[in-house]
Every structure is written in C-alpha cells, then in structure tokens.
Number of protein chains: 2
Amino acid sequence: MAKLTSRAEDYSKWYNELVVKADLAENSGVRGCMVIKPYGYAIWEKMRDEMDRMFKETGHQNAYFPIFVPKSLFEAEEKNAEGFAKECAVVTHYRLKSDPNNPGKLIVDPEAKLEEELIVRPTSEAIIWNTYKNWIQSYRDLPILINQWANVVRWEMRTRLFLRTAEFLWQEGHTAHATRDEAVEETEKMLGVYADFAERFMAIPVVQGYKTESERFAGADETYCIEAMMQDGKALQAGTSHFLGQNFAKAFDVKFTNREGKQEFAWATSWGTSTRLMGALIMTHSDDNGLVLPPSLAPIPVVIVPIHRTDEQLAQIGDVADDIIAKLKAKGIYVKYDDRNEYKPGWKFAEYELKGVPVRVAIGPKDLENQTVEVARRDTLTKEIVPIEGLDQYITDLLQTIQQDIFNKAKSFRDEHITRVDTYEEFKKVLEEKGGFISAHWDGTPEEEEQIKDETKATIRCIPLDAEEEDGISLVTGKPSKRRVLFAKAY
Amino acid sequence: MAKLTSRAEDYSKWYNELVVKADLAENSGVRGCMVIKPYGYAIWEKMRDEMDRMFKETGHQNAYFPIFVPKSLFEAEEKNAEGFAKECAVVTHYRLKSDPNNPGKLIVDPEAKLEEELIVRPTSEAIIWNTYKNWIQSYRDLPILINQWANVVRWEMRTRLFLRTAEFLWQEGHTAHATRDEAVEETEKMLGVYADFAERFMAIPVVQGYKTESERFAGADETYCIEAMMQDGKALQAGTSHFLGQNFAKAFDVKFTNREGKQEFAWATSWGTSTRLMGALIMTHSDDNGLVLPPSLAPIPVVIVPIHRTDEQLAQIGDVADDIIAKLKAKGIYVKYDDRNEYKPGWKFAEYELKGVPVRVAIGPKDLENQTVEVARRDTLTKEIVPIEGLDQYITDLLQTIQQDIFNKAKSFRDEHITRVDTYEEFKKVLEEKGGFISAHWDGTPEEEEQIKDETKATIRCIPLDAEEEDGISLVTGKPSKRRVLFAKAY
C-alpha cells in the first residue's frame, strides 16, 4: 500500500487521498456528485442513528416531503430564493425519446416540456411551508416538530468529497410555533443538541455562536452555528440552526388563530447537519497513517488478528478469539475477527490503521502460552500486553478512554489555536503564521467584515454565545466594540 | 369525525380516504408527489429498519450513489433505457436568474444549460454499474453485496398515494458475482427475504414466483416477485428480485479475471421494495373503521385511555398506568398514555381505531375497585375485562396473537380467492363475479397473454415457484401447457 501524503507536506492532498484510500467515498460519473462507499456509509449511519435518537428524544418526528419544488413556490420567499437560485438543478422535461438521427441514442422529447419548471430541493423550507399552510389553523395545531432525512442538490462549481458536493445527504428540521419566544428556544435547543452530538459522539469540540448578518442562511432572522477547528487551523461549520421569524409564514400565508382568538403568522425554525460532518470527523482526528475514529462511530471498534504458523495454532487462537468476541458482544461491542489467509498480519495491521479501527488485538502462539494478548491503540499507536483474563472489561474501558482522549486532544489543539489579538497587524501575522481562530473586536458593520475578508480571506465564523462583554476597539476602523468575535479561514 | 366510505361501497375511495384520515400521507403541491406524514413515516421506518436488519444479516452493506444519471450512462443498457425513457425527469439547467420583465420572479438562465442532460434516477443500475467497473478487477473483488435506501422518480401519469407516485422511497440492492449460479442464488435468496419479511413482519401472505417475459424488469433476464392479494381481490406486486445476467456488465464493460485467469463479464442482480408496501399493508388488513396494523409495525402498539370524572380518579388511574407502562417498556413494548383533557374517551377510541392501534386499554373508577382494566383488540373489535395482576404478560401475549391472527385472516381470504379454472369462459366468469387470483394454463406465448389482458384486464402475475407439473390445455389457444400460472387484475 502506497503511503499517504503527510499532513505537513500537503494537507489538502492528504485529505483527498485519505477519503479514497480508506474506502469512504469517491467521485462519481456525475460532475460534483460522490459515491459514499460502504465503509463511509456505515460511519454516516451511526451518526444518523444517534442524531435521530436525539431528535426523537427532544420530541421531533420524521416525515418526508417531495424532492421537487415548483418554481412558483421556490420563489415565494424572496431572500431564500435569491440565495439558492444561482446553484440549483432545474427539471424542465419529463420524457426522453429515441434520437431519429442516431439509433440507440436518446434525446429529450421537446413535446414533454413541463408547464412549470421543478427545482431539485437545495433545502425544503418552501415545499414544507406550503404544506404546513394546510396543517395549521389554530394554536392547538402547534408546535409542529418535524425532521426529514433527505438528499439535496446545490450546484457548487468547486467540489470536494464530503466537504462540498453537488448532491449531499442531510437532515433538516422544520418547526412551527405559536410564539416568537418558543421558536427562539427551539433554535437554541437544537444548536445545543448539535453541540452535544459533536462533542460527545464525534469527539469534536465546537464553539457555539451565531452568524453575522452577511453569513446568515437566506431567509433567516438569525443563524446559530457550531464551528469546529480542523488540524490545519481552518474552521468548519458543522451544523446550523436558524430562527426564521415569520418570513416563511408570510411568504406562504400560514396563519393560525391564537389563544386570544386573533389571526397570527406562525413562527419558524429550521436546522441542519449533513454528510459534511464526515469531512469534519476525518480532518479533526486522523493522522499521517490514516483515519482515527472515535469508538462511538467506528463500524469496527475492535479487530482481532491471529498470528500463527500452523493450523493447530490458528484453531487454538480461534477458540480464544471466540470467547473474547462473545463476551464483548454481550456488552454491545462488535468485534471483527480477521483470519483471512490471503493477507499477512503486517498487511492487516496497516489496513486497520488506515481505516481507523480504534483497538487492534493480536494473538500469537506466545500469547497463548502466557495467556495474554497484544492490544494496540489506533489513536496513540501504542501497544500493551494484556492478560486474557478480564480482557473484555479492559477493552470496554479502553474504548471509553480512547473516546475521551481523542476529544481532549482535539480540544487542546483547538484551544491552543484560539488567539486573542487587538491590532489588525497582529491579526494578519497570527493568521499567516499560526492560523486557527482569532478572537478580535469588530465594529459590527458588514463593511469592515468584507474588507477583512477581501484582504485576509478570514471570515467571522461566529459571535460566540459565551462571549463576555468587553470594551474594545475594532480591528480596521478603530470603532468601539462591546465583544470579541471569532475570525478564521474556513472550509 | 366523518365516517369512512365503506369498502363495499367504493373500495378505491375507502383507500384514498383512509390514507388521508389516518394521517399517513397526502398529495403535495408537486404533481404526483406525496408528503409522507409523521404517522405514515413512522410505519415506513419500522419496515425499513427490519428489512435493513435482514439485509445486513444476509451479508449486505449499505452505500449511496448519485441521484443523477448522465444521459450517456442512462442509455448504455438499451432495454433498461427504453423501459424508463418514457417516464423520467430530466435536468437541463443548473441556475435560475431574475426575470427582467417580472421583478421578484425567476426564470431559467439559458446560459446555464448543461452540456449533457441528467436523468433523475428511476432506478440505479446504470450509475452503479458504471461505478462497479472501477471496483471489479479480479474474482477476489467479488461478490459485491450492496444495498441503497433512496428516493427515485418515475413520471407516472396517473398517481395514487403510496401505490403509484412520481417520487417514491425505496431500497435497491445491487450485487455483482463471479458466476451465473451465484447470481441466481442471490436473486432467489433475496426473494425469500422479501417473502419472509412480508409474511412474518407485515402479516401479508405472498405468492413467490417469476414473471413472464413481457412483465420482466427492463434489462433483466429473469424477474422474481412476491404477489399479495388485496381485499378487493386485486393483486399487488410487493417486491421484485431480478437476475440481470451479464447485461449491465456488458453495457458498462465490467470484466474481471476469474480463477482460471481468464477475463469474464460479471453477473448481476438487483432487488427492490418501496413505499408501495404501505399501500399493500393498508389494503390487506384495514376495515371500514380504519387502519388495522400488525403489532410489529404499529408506531403505537398499545394505548391507555383513562376514564374519570374527578382529578383524584385521574391521579389513581395514572398510578396504575405508570406501572403498566414501566412493565411493558421493560419488555420492549411502547405504550402511549393519552390523558389529554380536551378530548373525550369516545373521541379517543374512534381516533385510535382509525389509526389502527392494535391494543387499547381503558381504565375507569370501577376498574380500580375491581383491580381490572378493559382491553380492546383493534383487529376483532372485541373487548375483555382483564385483571391488572399479570396484565403486562397478557398484553405481550395478545400482541403476538394479534400478529398471527391478522396473518391467518389474510391468508384464509387469499386462499379462498385463488380459483383453479380450466376454460376461458369459466375464467371470465370467476374474474367478474369473484375476483382474486385465477390459476390456469397458459400456452407460454406473449400473444395469448396479451389477448387475455386486452379482453379481461387480467395479467399473469407470476409463474409460482411451487407450481407442480401438470398436463393441461391453455385457456384461449388450447395448446398444451405443463403448469398453471396465476392471473389477476392488479394494482
């Protein structure tokens, strides 16, 4: 197996190679669309199942809405339409026919032109609020707390596996409420769910905050986000939760009779995470040897590799392995036993390192004699000799330790790469030499934000929710500022 | 709540009303596309999860392939292309722009025309086999056993909720094998999985068989199917499994080096079930009062409704209910407790009847005195007084009984409506007066099949796998036949 390009050498190349070599995804025959391969999809399934559980626990139900949005609905909420019009796939016909000039080939049948074009959903607010109109008459019909798992299409010109693809998989929550306060509360609650999921399950530390006006979701009154830091110091937006005010209710005329008997527009939120999280996962934890996966997301948390010269040895190792596998299964931990003969142990070790299997157990004839095994940790690349007696508990504990250690490591890195600066000069120097997040004062105008972006490529990732009030002077214009915001270059 | 139209009065209207009134699905603002509502989606989720478990148990993995198929790939397998060209959504542009003549409106940007049109997948053989080409070099790369959960689009002109919609959700398995025998075995194995799922989980008896040439999937060498019977005697194809031979491997040039070192085309299967199964579920079991759900698929298997006059009574009933809920939860059975004050018990009873909740428990003050509850079965509409002591075991057993009884009832109905006939006259009489499946001899030609279809609207649903050899005379042409096939009108 050819070695990966190292992160130090070319971070971007390292990422692209890793995604393909670890069998996570690959480019398809369709421009900008990816194939998510079984190993990558198994990780996504674990993420999806856990988020789904968390959504249901917070009172949400799943539903499914059409993939197509008729143009007249698409354009109803103007800001939202404007935001997505430039990058949407448009269905104009509903039939192909044989090409009379070219036997065996097909052409679009001009007689099958749609009366109204259909947009392949880039997001579903329009189609969903057009539906909610019929579901909401009274405050008794509220709240509506719905989530959808679906594919969406945004015609991005420059694409990268998982990070930016024309089609991607995501979940989008769409809720309707009787009051502004309740909708804001929901927006913040779901941000909290995302942060909890990212930190506890993906082992990715995140900053919770809200976006500046220019970085808001098209059609939102406020966009909250969680921002993660990759190992190259760049930021990656890992989830967003939008307070949509009454914008969509007004665009689709969704009124209800409130408790006082008066007609009012409903209040809305939407919130989403996508297969982009796979990119965040890979770039937060992995190293030059390959993937590093937190145990909670690893399709194979533990692998056992037998090392033997004779069939008799293999049979004895197999008996020991069976026992370990059964005990760990009873604790809900899946173990793969790889006794394939066509591959040597060394090849298998490299393969499981590349694929980020958190714990590798090797058992050889000497181990059988000593009643021990060799346990290797993927995250630290360290090995230990461990007694077979009590091994199941040892591994169970080790998986928890790894989960926590991976998070701690990412958090240390992240915290070391948040720098407070007070001058624009310092800002540029830190951005250039150290990277990471820069905590600095901003005058609150889109103009200053734009100038900094143009000059340094850094954007305001968020205004952190926990930002303390502090008198300061903005970076470029020197105007007074009340709190620091986080700048960074971003994916 | 207005009563449902009865099945006897208008079966088709009964179905349409039931789907909407039971909150399963509704038509959307997009022609032919449906909104699957939370209650309907919760049933689909249970079906999906169980099938997914069965696929994984038989060695399959999930993956995800692009929604778009470039026209040149779409047309590569000619029979497949021909079969789907007449009903496919075509993306021709990737951008909208402001309408200069109509402020606030959008038009397709003629400058954003795609060089090659993209077809929204009606099925994914083309895009998947174009991908497999890069995955398959040697017999060691085989078999590939992949399944995908996805949405697909077929531009049907006449649509009905769940049964026939322009967009639907489905799973599609796509496997590649080194030998013909192995591919045929896979095709048959997955048919068996479908039959097992339908009977054991959905409580729907099915006939396993294969299709005649004219009813085959476009591009298949053999199409196997499971056929279910609805209460109006019509057939519904509930799942198909295709042996694709080397057709797609040849179209996409997927060759591998076999064990003998020779180049060979790979052998393929594909198999699918869809949200159409929801239609089968509804039409097999439900009655004039609403849905009847098998316990294994019911989002709410058990509901408890308190009947009280005073708050004190409600509190006492609540205590009893809590205890029942906890005990059933420990057995993995979800129980809903409906103590909403705004609705009367009678309203709730009708609601849960409509929604097919298998077991309804009512607890009133008299029950508390006697330490009993009233248990009502949805499928039989019968009630019993049952002691609270041991109620959890009683309900656990009852749910299993209901699951079995629902299946038995559907099976009796189905078996009573399979009629053997030996003359065309008898055939037409039975079809007209009794309906159901008709077992009869056919001469094996598409011509006789076509004539019978034209004259009676009945098609050959399948050649049953368990059909015994029997000398007979075909219905119309009087030619010799070796086995009976099943005819029916179908959805």
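Residues numbered from 1 in each chain as written. Chains lettered and ligands numbered in written order. Predicted model: local features only at pLDDT ≥ 70, side-chain atom pairs only at ≥ 80, totals over all residues. Heavy atoms only, no water.

Asker: How should I be thinking about the overall build of chain A in this particular structure?
Answerer: When you go through chain A residue by residue, the secondary structure sums to 14 helices and 27 strands. With the C-alpha coordinates aligned to their principal axes, the bounding extent of chain A is approximately 80 × 70 × 55 Å. Residues counted as buried form 60% of the 491 residues belonging to chain A. Here the contacts in chain A between residues at least 6 apart in sequence split such that 68% fall between residues at least 24 apart. Surface summary for chain A: the accessible area is close to 20,600 Å², and the carbon and sulfur share equals 46%. Here chain A contributes 64 positive and 82 negative side-chain charges, whose respective centroids are spaced 2 Å apart. (Helix = DSSP H or I, 4+ residues; strand = E, 2+ residues; numbered from the N terminus. Buried < 20%, exposed > 50% of the residue type's maximum accessible area, 1.4 Å probe, protein only. Contact = heavy atoms within 4.5 Å. Areas by Shrake-Rupley, 256 points an atom, 1.4 Å probe, with all protein chains shown as cover. Lys, Arg positive; Asp, Glu negative; His and termini not counted. Charge placed at Lys NZ, Arg CZ, Asp CG, Glu CD.)

Asker: Honestly, the packing of helix α13 (residues 424-433) of chain B against helix α14 (residues 446-456) of chain B in this entry has me stumped. Any pointers?
Answerer: The geometry of a pair of packed helices is captured by two quantities: the angle between their axes and the separation between those axes. All names here are of chain B. α14 packs onto α13 with a crossing angle of 40 degrees between their chain directions and a minimal axis gap of 12 Å. On the basis of their axis angle, the class for α13 and α14 is oblique. The hand of the α13/α14 crossing is right-handed. Counted together, Y424, F427, K428 and L431 of α13 and Q451, I452, E455 and T456 of α14 form the full contact between these two elements. Class assignment of the residues belonging to the contact of α13 with α14 gives a composition of four nonpolar, two polar and two charged. (Axes fitted to C-alpha atoms, helices over the stretch in contact; angles between N-to-C directions. Parallel < 35°, antiparallel > 145°, perpendicular 65-115°, else oblique. Left-handed = near helix turned anticlockwise from the far one by under 90°. Nonpolar A, V, L, I, M, F, W, Y, C, P; charged D, E, K, R; others polar.)

Asker: Any chance you could explain the state of the cysteines here in plain terms?
Answerer: One pass over the structure, following the stated rule, counts zero disulfides over all chains. Left unpaired, A:C225 is separated from the closest cysteine sulfur, that of A:C462, by 4.7 Å. B:C88 takes part in no disulfide bond, and the closest cysteine sulfur, belonging to B:C33, lies 14 Å away. (Disulfide = S-S within 2.5 Å.)

Asker: What should I look at first to understand helix α10 (residues 345-354) of chain A in this one?
Answerer: For the α-helix, the turn length of 3.6 residues means that residues three or four positions removed from each other point alike. Residues and elements named next belong to chain A. Looking at α10, one finds that the buried residues are K348, F349, E351, Y352 and L354. Residues of α10 that are buried sit in contact with α1 (11-21), β17 (302-306), β18 (335-337) and β19 (359-363). Positive backbone phi, at 75 degrees, marks G356, one or two positions downstream of α10.

Asker: For this particular structure, what's the right way to read the nonpolar core?
Answerer: Residues A:F68, A:W129, B:F68 and B:W129 are the most contacted members of the largest nonpolar core, which totals 238 residues. Residues in contact with B:W129, not counting those within four places in the same chain, are B:T175, B:A176, B:F248, B:A249, B:F252, B:V254, B:A266, B:W267 and B:A268. (Core = buried A, V, L, I, M, F, W, Y, C linked by side-chain atoms within 4.5 Å.)

Asker: Is there a simple way to think about the sheet that holds β19(A) in this case?
Answerer: Backbone hydrogen bonds are what pair the strands of a sheet, in a parallel or an antiparallel way. All names here are of chain A. Pairing is mixed in the open sheet, where five strands are placed in the order β18-β17-β19-β20-β21. On the outer flanks of this sheet lie β18 and β21 (383-387), each paired with one strand and no other. Shown here is a sheet whose adjacent strand axes are inclined to one another by a mean of 25 degrees, direction ignored. When β17 meets β18, the two strands line up parallel, connected through three bridges. The residue bridging I304 from the neighbouring strand is Y337, located in β18. Sheet strands touched by α10: β17, β18 and β19. Its angle to β17, the strand with the most contacts, is close to 170 degrees. Of the strands in this sheet, β17, β19, β20 (372-377) and β21 are in contact with helix α12 (residues 391-416), which crosses β20 at around 10 degrees. (Pairing = 2+ DSSP bridges.)

Asker: Just checking my understanding: could you explain α14(B) for this structure?
Answerer: All names here are of chain B. Three or more residues of α14 are buried, namely E448, E449, I452 and T456. One side of α14 carries all its buried residues, which in axial view fall inside an arc of 100 degrees. Counted as exposed and oriented over 90 degrees from the buried face of α14: E447 and D454. Tucked into the core, α14 has its buried residues touching α13, β24 (459-464) and β27 (484-488). (Arc of directions from axis to C-beta.)

Asker: Mind showing me how you'd approach unusual backbone geometry here?
Answerer: A negative phi holds for most residues other than glycine; trans holds for most peptide bonds. Put simply, A:L142 and A:P143 share a cis peptide bond, and its omega is -5 degrees. Within the fold, A:P143 resides in the loop between α5 (125-135) and β9 (144-153). Backbone geometry at B:Q371 places phi at a positive 55 degrees, although glycine is not the residue there. Phi at B:K457 is positive, roughly 70 degrees, even though this residue is not glycine. Within the secondary structure layout, B:K457 lies in the loop between α14 and β24.

Asker: Got a minute to help me understand empty space enclosed by the protein in this structure?
Answerer: In this approach the atoms are scanned with a rolling probe the size of a water molecule, which exposes any empty space left behind. All names here are of chain B. One pass over the full model with this rule turns up four cavities of 30 Å³ or more. By volume, the largest cavity amounts to about 50 Å³. When contributions to the lining of the largest cavity are tallied by element, the ones reaching two or more residues are β2 (34-36) and β10 (167-177). No other element matches β10, which puts three residues into the lining of the largest cavity. For the lining of the largest cavity, the residue count by class is six nonpolar, no polar and one charged. (1 Å grid on protein atoms, 1.4 Å probe; cavity = no way out; pocket = protein on both sides within 12 Å on 5 of 7 lines; lining within 4 Å. Points joined across faces, edges and corners; volume = space filled by probe spheres on them.)

Asker: Any chance you could explain the relation of the copies chain B and chain A here in plain terms?
Answerer: One copy of the chain maps onto the second through a rotation about an axis and a displacement along it. Of the transformation placing chain B onto chain A, the axial shift is 0.0 Å and the rotation is 180 degrees, giving an RMSD of 0.0 Å. Taken together, the turn and the small shift mark the pair as related by a two-fold rotation axis. Across chain B, the rotation axis passes nearest the C-alpha of B:V91, at a separation of 2.1 Å. A share of 100% of interface residues in chain B that are also interface residues in chain A marks the association as one of identical surfaces. (Least-squares fit on C-alpha atoms with pLDDT ≥ 70 in both.)

Asker: Quick question: what am I supposed to make of the pattern of salt bridges here?
Answerer: Note on pairing: side chains with opposite charge can pair once their charged atoms come close. For the structure on display, the rule yields 72 salt bridges over all chains. Through salt bridges that share partners, A:D23, A:E26, A:K37, A:E351 and A:K355 make up one connected network. (Salt bridge = Lys/Arg side-chain N within 4 Å of Asp/Glu carboxyl O.)

Asker: Hey, could you run me through the packing of aromatic side chains in this one?
Answerer: The relation between two aromatic rings is expressed through the spacing of the ring centres and the mutual angle of the planes. Across all of its chains, the model carries 40 aromatic pairs over all chains by this definition. For the pair A:W155 and B:Y94, a centre-to-centre distance of 6.0 Å together with 20 degrees between the ring planes defines the contact as stacked. Here B:Y94 lies in the loop between β5 (90-93) and β6 (96-98) and A:W155 lies in the loop between β9 and β10 (167-177), a pairing that spans two chains. Taken together, the aromatic side chains of A:W44, A:F55, A:W149, A:Y194 and A:W271 make up a single cluster linked through ring pairs. One cation-aromatic arrangement involves A:R360 over A:F349; the distance from NZ or CZ to the ring centre is 3.8 Å. The aromatic ring of B:Y424 is capped on one face by B:K428, whose charged end is 4.3 Å from the ring centroid. (Phe/Tyr/Trp six-rings, centres within 6.5 Å; stacked < 30°, edge-to-face > 60°. Lys NZ or Arg CZ within 6 Å of the ring centre and 35° of its normal.)

Asker: Would you explain the interface of chain B and chain A in this entry?
Answerer: With 61 residues of chain B in contact, the opposing surface of chain A contributes 61 residues. Between chain B and chain A, a total of about 5,200 Å² is buried, with carbon and sulfur atoms accounting for 66% of that surface. Across the chain B-chain A interface, the total number found is four salt bridges. Taken together, chain B and chain A are joined by 30 residue pairs in polar contact (both at pLDDT 80 or more). Class assignment for the residues of the side of chain B that touches chain A results in 36 nonpolar, 10 polar and 15 charged. Note that strand β5 (residues 90-93) of chain A and β5(B) share three bridges and pair antiparallel. Bridge pairing in β5(B) links A:V91 to B:V91. (Buried area = accessible area lost by both parts, 1.4 Å probe. Polar contact = N/O pair within 3.5 Å; in protein donor to acceptor, adjacent residues only side chain to side chain.)

Asker: Just to check I follow, could you spell out the environment of B:S270 for this structure?
Answerer: Residues and elements named next belong to chain B. Along the chain, S270 turns up in strand β16 (residues 267-274). In this structure the C-alpha to C-alpha distance between S270 and E78, which are 192 residues apart in sequence, comes to 17 Å. Contacts of S270, omitting those with residues within four sequence positions, involve E125, G173, H174, F217, T240, S241, H242 and L244. Engagement of the side chain of S270 in a polar contact is seen with the side chain of E125, the distance being 2.8 Å.

Asker: Even after reading the chapter, I still don't get the side chain of B:T396, so can you show me in this structure?
Answerer: Residue and element names in this part refer to chain B. Summarising the element assignment, T396 is placed in helix α12 (residues 391-416). By relative accessible area, T396 is classed as buried at 14%. Beyond its immediate stretch of four places on either side in the chain, T396 contacts L328, K331 and I333.

Asker: It is not clear to me how the side chain of B:E227 should be interpreted in this structure. Could you clarify?
Answerer: Residues and elements named next belong to chain B. Its location among the elements puts E227 in strand β12 (residues 222-229). When its relative accessible area of 1% is taken as the criterion, E227 is described as buried. Looking at E227, its side chain comes within polar contact range of the side chain of K211, at 2.8 Å. In contact with E227, other than residues within four places in its own chain, are P205, V206, V207, K211, A235, L236, Q237, F437, R461 and C462.

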